[in-house]
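Chain and residue survey
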Amino acid sequence: MESEKEQCKVEYTHLGKSGLKVSNICLGAMTFGKIEESPMAIFSCPTQADEEKAHGIMDRFVELGGNFIDTANIYCRGQSEHIVGTWLKKKSRDNVVVATKCRFSMSTEPNDQGLSRRHIIKCCEDSLERLQTDYIDLYQTHMWDDATPIEETLRTLDDLVRCGKIRYLGVSNLLGWQTQKVVDYTKFMGLAGFISMQQQYNLLTRHPELEEFQVCKTEGLGVLPWSPLRSGMLTGKYKRDEKMDPKSGRLAYDFEKNSQASYWTKYAKDTYWDIMAVVEKVAKTNGKTAAQVALRWLLQKDVVSSIIIGATSIKQLEENMSVGTGWCISKEDMETLDEASKPESASSYPYEMSRFGNTSRVNRFNPKPVVANI
Ligand SMILES: NC(=O)c1ccc[n+]([C@@H]2O[C@H](COP(=O)([O-])OP(=O)(O)OC[C@H]3O[C@@H](n4cnc5c(N)ncnc54)[C@H](OP(=O)(O)O)[C@@H]3O)[C@@H](O)[C@H]2O)c1
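Residues numbered from 1 in each chain as written. Predicted model: local features only at pLDDT ≥ 70, side-chain atom pairs only at ≥ 80, totals over all residues. Heavy atoms only, no water.

Section: the overall build of the chain
On a plain count of helices and strands, the chain comes out with 14 helices and 10 strands. Its C-alpha atoms give the chain a radius of gyration of 20 Å, near enough to 21 Å, the size a compact globule of 374 residues would have. Projected onto the principal axes, the alpha-carbon positions of the chain cover approximately 55 × 50 × 50 Å. Counting only residues that meet the buried cut, the chain has 53% of its 374 residues in that class. In the form shown here, the chain has an accessible surface area of approximately 18,100 Å², with 51% of it arising from carbon and sulfur atoms. Side chains of the chain give 48 positive and 50 negative charges; the mean places of these two sets differ by 2 Å. (Helix = DSSP H or I, 4+ residues; strand = E, 2+ residues; numbered from the N terminus. Rg over C-alpha atoms; globule rule 2.2 N^0.38 Å. Buried < 20%, exposed > 50% of the residue type's maximum accessible area, 1.4 Å probe, protein only. Areas by Shrake-Rupley, 256 points an atom, 1.4 Å probe, with all protein chains shown as cover. Lys, Arg positive; Asp, Glu negative; His and termini not counted. Charge placed at Lys NZ, Arg CZ, Asp CG, Glu CD.)

Describing the nonpolar core
Here is a general trend for soluble globular proteins: nonpolar side chains tend to be buried in one another's company. One finds I25, L27, F32, M58, Y139 and W264 to be the most contacted residues of the largest nonpolar core, which totals 85 residues. Residue contributions to this core peak at eight residues, all from helix α11 (residues 290-299). C26, V97, I195 and L224 belong to the second largest nonpolar core, which has 11 residues in total. (Core = buried A, V, L, I, M, F, W, Y, C linked by side-chain atoms within 4.5 Å.)

Quick look at the pairing of strand β6 (residues 136-141)
The side chains of a regular strand alternate, first on one face of the sheet and then on the other. Counting buried positions over the six residues of β6 gives six, a clear majority of the element. With four bridges connecting them, strand β5 (residues 97-102) and β6 associate as parallel partners. By the bridge assignment, K101 is partnered in β6 with Q140. In the classification by handedness, the crossover that spans β5, the intervening helix α4 (residues 117-131) and the parallel β6 is right-handed. The sheet contact formed by β6 and strand β7 (residues 166-172) spans five bridges and is parallel. Note that in β7 the partner of I136 across the bridge is I166. Where the polypeptide runs from β6 across helix α5 (residues 150-162) and back to β7, its parallel neighbour, the crossover connection is right-handed. (Pairing = 2+ DSSP bridges. Right-handed = clockwise from strand over helix to strand, strands pointing away.)

Digging into unusual backbone geometry
The general pattern is negative phi for most residues beyond glycine and trans for most peptide bonds. Cis geometry marks the peptide bond from Y349 to P350, where omega comes out at 5°. The residue P350 is located in the loop between α13 (331-341) and α14 (351-358) in this model.

Details of the packing of aromatic side chains
With the rule as written, the count across this model stands at nine aromatic pairs. The interplanar angle of 55° and the centroid separation of 4.7 Å between the aromatic rings of Y272 and W273 together place this pair among those described as tilted. Judged on exposure class, the residue Y272 and its partner W273 are both buried. Site record: aromatic cluster; members linked through ring pairs are Y238, W264, Y272 and W273. Over the ring of Y135 we find R93, and its NZ or CZ is 4.0 Å from the ring centre. Taking NZ or CZ as reference, K288 lies 4.9 Å from the ring centre of W327, over its face. (Phe/Tyr/Trp six-rings, centres within 6.5 Å; stacked < 30°, edge-to-face > 60°. Lys NZ or Arg CZ within 6 Å of the ring centre and 35° of its normal.)

Brief notes about the pairing of β7
With five of seven residues buried, β7 is to be regarded as a mostly interior element. With four bridges connecting them, β7 and strand β8 (residues 194-200) associate as parallel partners. By the bridge assignment, S172 is partnered in β8 with Q198. Read as a crossover between parallel neighbours, the route from β7 over helix α6 (residues 176-189) to β8 is right-handed.

Concerning the pattern of salt bridges
The final tally for this structure, using the stated rule, is 17 salt bridges. Residue K257 is joined to E37 by a salt bridge in which the shortest nitrogen-to-oxygen separation is 3.2 Å. In this pair, K257 sits in helix α8 (residues 250-258) while E37 sits in the loop between β3 (25-28) and α2 (51-63), placing the two residues 220 residues apart along the sequence. For K257, a relative accessible area of 39% puts it in the partly exposed group. Residue E81 pairs with R130 through a salt bridge whose shortest N-O separation is 2.7 Å. (Salt bridge = Lys/Arg side-chain N within 4 Å of Asp/Glu carboxyl O.)

Let's talk about the UniProt feature "domain: NADP-dependent oxidoreductase" (unreviewed entry) in the chain
Per the UniProt record, "domain: NADP-dependent oxidoreductase" (unreviewed entry) is annotated on residues 25-341. In residues 25-341, helix accounts for 43% and strand for 13%; the two terminal C-alpha atoms are 22 Å from one another. (UniProt positions renumbered as here; feature names shortened; annotations may be inferred.)

Quick look at the side chain of T156
Position of T156 among the secondary structure elements: in helix α5. Excluding residues within four positions of it along the chain, T156 makes contact with R117, I120 and I121. (Contact = heavy atoms within 4.5 Å.)

What about helix α10 (residues 270-286)?
Along its 17 residues, α10 runs 25 Å from first to last C-alpha, staying within 8% of the 24 Å computed at 1.5 Å per residue. Where the residues of α10 are buried, they touch α9 (263-267), α11 and α13. (Expected span 1.5 Å × (residues − 1).)

Here we look at empty space enclosed by the protein
Applying the stated criterion to the full structure yields one cavity of 30 Å³ or more. Each pocket or cavity is described by its volume, and for the largest cavity that value is around 110 Å³. Lining of the largest cavity is provided by 13 residues; of these, L115, W144, I150, T153 and V182 occupy positions nearest its centre. Here the element with the most residues in the lining of the largest cavity is α5; it accounts for three residues. Each residue belonging to the lining of the largest cavity can be placed in one class, and the counts come to nine nonpolar, three polar and one charged. (1 Å grid on protein atoms, 1.4 Å probe; cavity = no way out; pocket = protein on both sides within 12 Å on 5 of 7 lines; lining within 4 Å. Points joined across faces, edges and corners; volume = space filled by probe spheres on them. Nonpolar A, V, L, I, M, F, W, Y, C, P; charged D, E, K, R; others polar.)

Next up, the structure:
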């Protein structure tokens, strides 16, 4: 029988420039809970986990060395946080790093949205109650709020850190200029800084490398890629000429419900199949699955601290966690994957010009040039 140590599938890394150590695989809890007939197809998908199944997935995650769980108030309207909370109650709270988020509305009340002082404090208190804990390790703004002055948002988050309800702060889904603005304002105002950025990042979505991740690199924010398998597209389980079985997963279910307006119809274009062919080739030569290649590719990117995986079964969890340690994609295969998935925008103005003018400008007294290396 494998010893506990041999079973460990992860490594522990610092989250950005902070002193907080997290497993390089984070478990996403968006698939915990279910809403019948939700306008967001994912929340009513048959593969969503009920409390018992979700607890089993979290138990196995911890057994394999995971210590980092990501949820949000909005996931199944609080059900996900509630399920994580009932599980946490049975565990040693201090051994788990719990991340959650605020920003979106949970009701139709006019003040129940955005990043105002009032809404952030209410969201934080509600999340603490659902999670059955008295502190949140990583509190993340789920998106930008155009209507609230940034000073109001940042001061409120700093207050929550100072009174002990939050340990660290993170952002999610920002543009490059917004990320830099958040970082600069916290510095100028002398407030608690941000240590992470949760952004969609995978072999089919690389645009954040050009702007947001340049800020992360220079300012010490660890990147936490969400949808690392692009909702299942990068697993290779859907074939080009095969009819999708609606029970086989989130994308197939959405396709059946929404047909022409579905995620699959929108994104399964020729470029996707071209990238998938390269991923599958690398997988075959390495004796791995497409999902493992797509996940490991992310882990080998220097801005990434931990990848937020989604799993609707223990089998998926184990397959995905197996990339955390003990195997690396070779330099040549990384280059092949990089080239095949290169975003079109990387060679457009002004990125191309910026790279051309700066790659030879090296001053050993300055940090490395921050020109996107793609
Ligand atoms: N900040 C944000 O705005 C934001 C947005 C989205 C997600 N997130 C976070 O990121 C987490 C992960 O996102 P995601 O669920 O979209 O991740 P993902 O890795 O792109 O997709 C996960 C889904 O793919 C399928 N899958 C996973 N591994 C598989 C495997 N080995 N073989 C076959 N199918 C597999 C499963 O769905 P099926 O079984 O149904 O196919 C699973 O739920 C979320 O839980 C959440 O914490 C954050």
